[in-house]
Each structure stands twice: as C-alpha cells, then as structure tokens.
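The residues making up each chain are set out below.
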Amino acid sequence: MILWDFPNKAPLAVLKGLSISVKRLTFSPDDRFLASIGESNIVIIWDTNDGSAIYTRVFETTPMFLSWGDILTDKNPKHPSYIVVVGFNNHVNINTLEFDIASMQYFLKEGSCQFPNTGLIRNYTFSVINGDMLMAGTTGGEICLFSVYSQIYRATMPLSSNGLLSIALMDDKIFVGGGDGKV
C-alpha cells in the first residue's frame, strides 16, 4: 500500500503489512497515524511521518469497524494519546494509543467495553465517534451507542428496515442513510 502526497503526485511512504486486501482505512484526527483492517483479521497502525508500522495484531475474529476518537494532550502535550476503537460482532475494544518515554515509541493500551448481560451481537456497517459517543450502524437497521470514556454500551435505536449504510455528522445533527432509501 502506498501513501501518496496527492498535490505533488508523489509517494510519501510504502506501508507494509497488508498483502491481500484492505477492508477499512482511517486517519487519526491530526493525520499523524493511519489505521487499517486487512484480510485475515489483521489491524495495523502506521506512523504517516515515516511509514513505520507501530502496531500490528491479528485477531481471532474479523474486526468490523475501526474509529479514532479524541486526541488527549493532558499527560504529554508533545506526544499526545489517541483513542482508537475496534469493533467486532460481539464486543468492542476501546483502546488508547500512548507514547512510552522509556522506549520512545507508541503502544496500544487495550480496554473492553462493557456490554449488557444478555449480550449484544450485531453485524456493524460503520462507526463514528463524536466526543464521548461512539455510534455504530448495523445491518439490522439500528444504531448502537457506546460511551467511549465510560467504556459502556448505552442504547440501541432502530432507524431503518433494511440496514444502515452511512452516517454524516454536521454540527449537532446526525444524518444516517438507510438501505431502504431513507435519510
């Protein structure tokens, strides 16, 4: 995979680690990192400054979504921490990408989101984070809401009869595109 400088039409870095296909790509809010979900259940996070892979993990099950949350500068303003959420059909990992001064590199501190006792198994189509709220659309036509900072499932809202396909946030409004043609 190649990271391009589009205005100059020149490659910035060759990103290694994904050989078959890319299922999801997303940049951190400051464009410092690029995270991906690849074939064979692999998640890789690259540093866009030099193209180095700073995190690679192969999961037992397929990750369905990956989203960046807030950038946290309270501990180390020079090397901020990043919220990174990886979702699966039966659990959500709310992680923090933190800089370790001793090793002079970033590492991923993993955390799990608390789900209802009865479980919550969904096929997710997209995800987006707005402050503390993670919104994940499903093939069942609902949006699942999670608190990022409390790491807990909050609610499910049915919105469409034929799955949710897309979401857009504009100021304090949320637009969701359903498989039944409704917005």
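Further up the page is the structure itself.
Residues numbered from 1 in each chain as written. Predicted model: local features only at pLDDT ≥ 70, side-chain atom pairs only at ≥ 80, totals over all residues. Heavy atoms only, no water.

With that settled, consider the sheet that holds strand β14 (residues 152-158). The 4 strands are arranged β11-β12-β13-β14 in an open sheet whose pairing can be described as antiparallel. Of all strands in the sheet, those bounded by a partner on one side alone are β11 (124-130) and β14. Each strand axis lies, on average, 20 degrees off the axis of its neighbour in the sheet, ignoring direction. Inspection of the sheet shows strand β13 (residues 142-147) paired to β14 by 6 bridges, in the antiparallel sense. Note that in β14 the partner of Cys 144 across the bridge is Thr 156. (Pairing = 2+ DSSP bridges. Helix = DSSP H or I, 4+ residues; strand = E, 2+ residues; numbered from the N terminus. Axes fitted to C-alpha atoms, helices over the stretch in contact; angles between N-to-C directions.)

All right, on to unusual backbone geometry then. Phi at Met 104 takes a positive value of approximately 60 degrees, unusual for a residue other than glycine. Relative to the helices and strands, Met 104 resides in the loop between β9 (92-100) and β10 (105-109). If you check the backbone angles, Asp 171 has positive phi at about 55 degrees while not being a glycine. Assignment of secondary structure puts Asp 171 in the loop between β15 (164-170) and β16 (173-178). Given a relative accessible area of 78%, Asp 171 falls into the exposed group. (Buried < 20%, exposed > 50% of the residue type's maximum accessible area, 1.4 Å probe, protein only.)

Okay, the pairing of β9 next. Counting buried positions along β9 gives 8 out of 9 residues, so the element sits mostly inside the fold. Pairing of strand β8 (residues 81-87) with β9, which is carried by 6 bridges, proceeds in the antiparallel orientation. In the strand pairing of β9, Val 84 is matched with Asn 95. Where β8 hands over to β9, the hairpin turn is made up of 4 residues, counted between the paired strands. Direction of pairing for β9 relative to β10: antiparallel, over a ladder of 5 bridges. Bridge pairing links Asp 100 to Gln 105 in β10. In this antiparallel pair of consecutive strands, β9 and β10, the connection spans 4 residues, and Met 104 shows a positive phi of 60 degrees.

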